[in-house]
Amino acid sequence: MENQNNVTEFVFVGLWGNKQLELLFFFLFLLCYLAVLMGNFIILLTITCSHLIEHPMYYFLCHLSLMDLCYTSTVVPRLIRDLGAARKNISYNNCMTQLFTAHLLAGVEIFILVSMALDRYVAIVKPLHYMVIMNRRRCNLLIFMAWGVGFWHSVALLLMVLNLPFCGPNQIDHYICDVKPLLKLVCRDIRVVSILVIANSGMVVVVIFLVLVASYILILYNLRTHSSVGRRKALSTCSSHVMVVILFFVPCIYTYVLPAGSENKDKEISVFYTVIAPMLNPLIYTLRNMEMKIAMQKVWSKVAHSEFK
């Protein structure tokens, strides 16, 4: 039977129904978005304009900041606009574009975090062979694979949603076009599709999170043989990675493991990985990292010096 689609646009319910509360959060999310732009731009500029770009860890961090910038920019500007708008509508095509782009960038970010964990594992377990194993060619290959896997995941999800019939209801109980709130509007049984979504997103996120946790446990185990100074430095770096992984993965697991029909706090929890994590990542990676602080001072003093010439 051919899929029937009578919906040309969707209307977001948004985070809150209270107009005064939405106005308050309009300014709050605007400040958060500016912080995301500024923090990640500083990291990008610091790494690309210093010797740190030669180090695999900072090379991956540079790509992570770029993903945070792009991912947040697919979600937050529309959220800010909708908080100040009387009607929160989005066309069907734009909704599908946002769904595809957000999942593509989130998929790439997840596999960059995996690459960063691999980098730390090699640096601590095989320090003598680190630069040979994590050479630039291999780092580029890992980034290319991250884009490939992210693209495969988002295309599979998009094709699944495009084949679903939307016959009438068009109010999305969310502030972004995501697969679970869209499934609630489908005019047919969604049990099979819901299982496929959990397999495509939920279970993948759980498996990757468990792999990352196992890798950091192995890193901690191997730190026993290191000197106290080396242990402290490695623990400082790894603790930053672990904090970022928890901030991103735990809300994602909550959102995508539960079936689409269940009543939960998806849209509130999703704020953690769409706004809060991208905003805090620059702080986590710079405040606990002496190399980044020194590089930032050098780059910004160079910028200031060139301006006053």
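Residues numbered from 1 in each chain as written. Predicted model: local features only at pLDDT ≥ 70, side-chain atom pairs only at ≥ 80, totals over all residues. Heavy atoms only, no water.

**A closer look at the UniProt feature "transmembrane region" (unreviewed entry) in the protein chain**
Here comes step 1: According to UniProt, the positions carrying the feature "transmembrane region" (unreviewed entry) are residues 23–45, 57–80, 100–118, 139–162, 190–223, 235–257 and 269–287.
Here comes step 2: Between the first and last C-alpha atoms of residues 23–45 the distance is 33 Å; the span itself is 100% helix and 0% strand.
Here comes step 3: Secondary structure across residues 139–162 comprises 100% helix and 0% strand; the distance between its end C-alpha atoms is 34 Å. (UniProt positions renumbered as here; feature names shortened; annotations may be inferred. Helix = DSSP H or I, 4+ residues; strand = E, 2+ residues; numbered from the N terminus.)

**Regarding the confidence of the model for the protein chain**
Here comes step 1: Taken residue by residue, the protein chain gives an average pLDDT of 86. The fraction at 70 or more is 93%.
Here comes step 2: The weakest mean pLDDT in the protein chain belongs to helix α11 (residues 290–307) at 75; the strongest belongs to helix α5 (residues 136–162) at 94. (pLDDT = per-residue confidence, 0-100.)

**Focus: the environment of Tyr-71**
Here comes step 1: As for its placement among the helices and strands, Tyr-71 is situated in helix α2 (residues 56–83).
Here comes step 2: The exposure class of Tyr-71 is buried, given its relative accessible area of 4%.
Here comes step 3: Sequence-wise, Tyr-71 and Leu-105 are 34 residues apart; in three dimensions their C-alpha atoms are separated by 5.7 Å.
Here comes step 4: Once residues within four sequence positions are removed from consideration, Tyr-71 is found in contact with Ala-102, Leu-105, Ala-106, Tyr-273 and Thr-274. (Buried < 20%, exposed > 50% of the residue type's maximum accessible area, 1.4 Å probe, protein only. Contact = heavy atoms within 4.5 Å.)

**Examining the nonpolar core**
Here comes step 1: Counting residues in each nonpolar core, the largest one holds 83 residues, and the members touching the most others are Phe-10, Ile-47, Phe-166, Leu-182 and Phe-249.
Here comes step 2: Considering every element that reaches this core, the biggest residue donor is helix α3 (residues 92–125), with 18 residues.
Here comes step 3: Not counting residues up to four positions away in its chain, the partners in contact with Leu-182 are Phe-10, Cys-95, Met-96, Leu-99, Val-161, Phe-166 and Ile-172. (Core = buried A, V, L, I, M, F, W, Y, C linked by side-chain atoms within 4.5 Å.)

**Some points on the state of the cysteines**
Here comes step 1: What the rule picks out here adds up to two disulfides.
Here comes step 2: There is a disulfide in this structure between Cys-95 and Cys-177, and the S-S distance comes to 1.9 Å. Disulfide Cys-95-Cys-177: torsion about the S-S bond near -120°, hence left-handed. Separated by 82 residues along the polypeptide, Cys-95 in helix α3 and Cys-177 in the loop between β3 (171–172) and α6 (179–183) bring together distant segments of the chain. (Disulfide = S-S within 2.5 Å.)

**What about the layout of surface pockets?**
Here comes step 1: Of the pockets and cavities examined, the largest pocket occupies roughly 510 Å³.
Here comes step 2: Lining the largest pocket are 21 residues, with Arg-120, Lys-233, Ala-234, Thr-237 and Glu-291 positioned closest to its centre.
Here comes step 3: Elements supplying a minimum of two residues to the lining of the largest pocket: α2, α3, α8 (228–257) and α11.
Here comes step 4: Element by element, the count of residues in the lining of the largest pocket is highest for α8, at six residues.
Here comes step 5: Across the lining of the largest pocket, the residue classes break down as nine nonpolar, six polar and six charged.
Here comes step 6: Volume-wise, the second largest pocket comes out at about 280 Å³.
Here comes step 7: Taken together, 23 residues make up the lining of the second largest pocket; nearest its centre are His-103, Ala-106, Gly-107, Ile-110 and His-153.
Here comes step 8: Counting only elements with at least two residues in the lining of the second largest pocket, the list comes to α3, α5, α7 (191–222) and α8.
Here comes step 9: It is α3 that provides the largest number of residues to the lining of the second largest pocket, a total of six residues. (1 Å grid on protein atoms, 1.4 Å probe; cavity = no way out; pocket = protein on both sides within 12 Å on 5 of 7 lines; lining within 4 Å. Points joined across faces, edges and corners; volume = space filled by probe spheres on them. Nonpolar A, V, L, I, M, F, W, Y, C, P; charged D, E, K, R; others polar.)

**Observations concerning the sheet that holds strand β2 (residues 89–91)**
Here comes step 1: The three strands are arranged β2-β1-β3 in an open sheet whose pairing can be described as mixed. The sheet is open, and its two borders are formed by β2 and β3, each paired with just one other strand.
Here comes step 2: Both strand β1 (residues 9–12) and β2 contribute to a ladder of three bridges, which runs antiparallel. Its bridge partner lying in β2, Glu-9 is registered against Ser-91.
Here comes step 3: In this fold α3 packs onto β1, β2 and β3, with an angle of close to 90° to the strand it touches most, β2. (Pairing = 2+ DSSP bridges. Axes fitted to C-alpha atoms, helices over the stretch in contact; angles between N-to-C directions.)

**Thoughts on a nonpolar patch on the surface**
Here comes step 1: On the surface, Leu-23, Phe-27, Leu-30, Leu-31 and Leu-34 cluster together into a nonpolar patch covering about 480 Å² of accessible area.
Here comes step 2: Note on placement: Leu-23 falls in helix α1 (residues 19–48). (Patch = residues over 30% accessible without salt bridge, like charges linked within 9 Å, V, L, I, M, F, W, Y side chains within 5 Å. Areas by Shrake-Rupley, 256 points an atom, 1.4 Å probe, with all protein chains shown as cover. Salt bridge = Lys/Arg side-chain N within 4 Å of Asp/Glu carboxyl O.)

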